[in-house]
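Tertiary structure, described
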Amino acid sequence: MEIELTSLPGIGTCRSFTSATGRRVTVIAHHAGGRRELIHGCGGEPDGRGRLILTREEAIVLAGLLGVFDVTADREPC
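Note that the coordinates shown come from a computational prediction; the quantities given were computed from them, not determined experimentally. (Residues numbered from 1 in each chain as written. Predicted model: local features only at pLDDT ≥ 70, side-chain atom pairs only at ≥ 80, totals over all residues. Heavy atoms only, no water.)

As a further point, take the pattern of salt bridges. When charged atoms on two side chains of opposite charge get close, those side chains can pair. In the structure shown here, the tally under the stated rule is three salt bridges. With a closest N to O distance of 3.1 Å, glutamate 37 and arginine 35 form a salt bridge. A relative accessible area of 34% means that arginine 35 is categorised as partly exposed. What makes glutamate 37 buried here is its relative accessible area of 8%. (Salt bridge = Lys/Arg side-chain N within 4 Å of Asp/Glu carboxyl O. Buried < 20%, exposed > 50% of the residue type's maximum accessible area, 1.4 Å probe, protein only.)

Here it is as C-alpha cells:
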C-alpha cells in the first residue's frame, strides 16, 4: 500500500492512501494544538465523504483500537 505524504504549509501534514475498495482515506495532522482530521470517501462522490475531527488524545485511542501500539509523540514529519 502506498501512503502519500503532503506538507500543508502553515497547517501541518496530510497523509493519504486508497483502500482496496477504492475509498480515499486522509489524515490531516495540524501543527497547532495537535488536532487530527480523518477524511474518507470516494473521489467523485461528494455525498459519500465523511469527516471526523479528533483531539490528539482521541487519535491515540483510535490508533490503539486499530492495533497500533507504538505511537510516537511530537515526531517531525518524514
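Taken together, the five strands give an open sheet; going across it, the order is S1-S2-S3-S4-S5, and neighbouring strands pair in antiparallel fashion. Bordering the open sheet on either side are strand S1 (4-8) and strand S5 (50-54), each of which pairs with just one other strand. Taking each pair of neighbouring strands and ignoring which way they run, the sheet shows an average axis angle of 15 degrees. (Pairing = 2+ DSSP bridges. Helix = DSSP H or I, 4+ residues; strand = E, 2+ residues; numbered from the N terminus. Axes fitted to C-alpha atoms, helices over the stretch in contact; angles between N-to-C directions.)

This next bit is on the pairing of strand S3 (residues 24-30). Counting buried residues in S3 gives five out of seven residues, a clear majority hidden from the surface. Where strand S2 (residues 12-18) hands over to S3, the hairpin turn is made up of five residues, of which glycine 22 adopts a positive phi near 90 degrees. With six bridges joining them, S3 and strand S4 (residues 36-41) adopt antiparallel strand pairing. By the bridge assignment for S4, isoleucine 28 is matched with glutamate 37. Once S3 ends, the chain turns through five residues before running back antiparallel as S4, passing glycine 33 with a positive phi of about 80 degrees.

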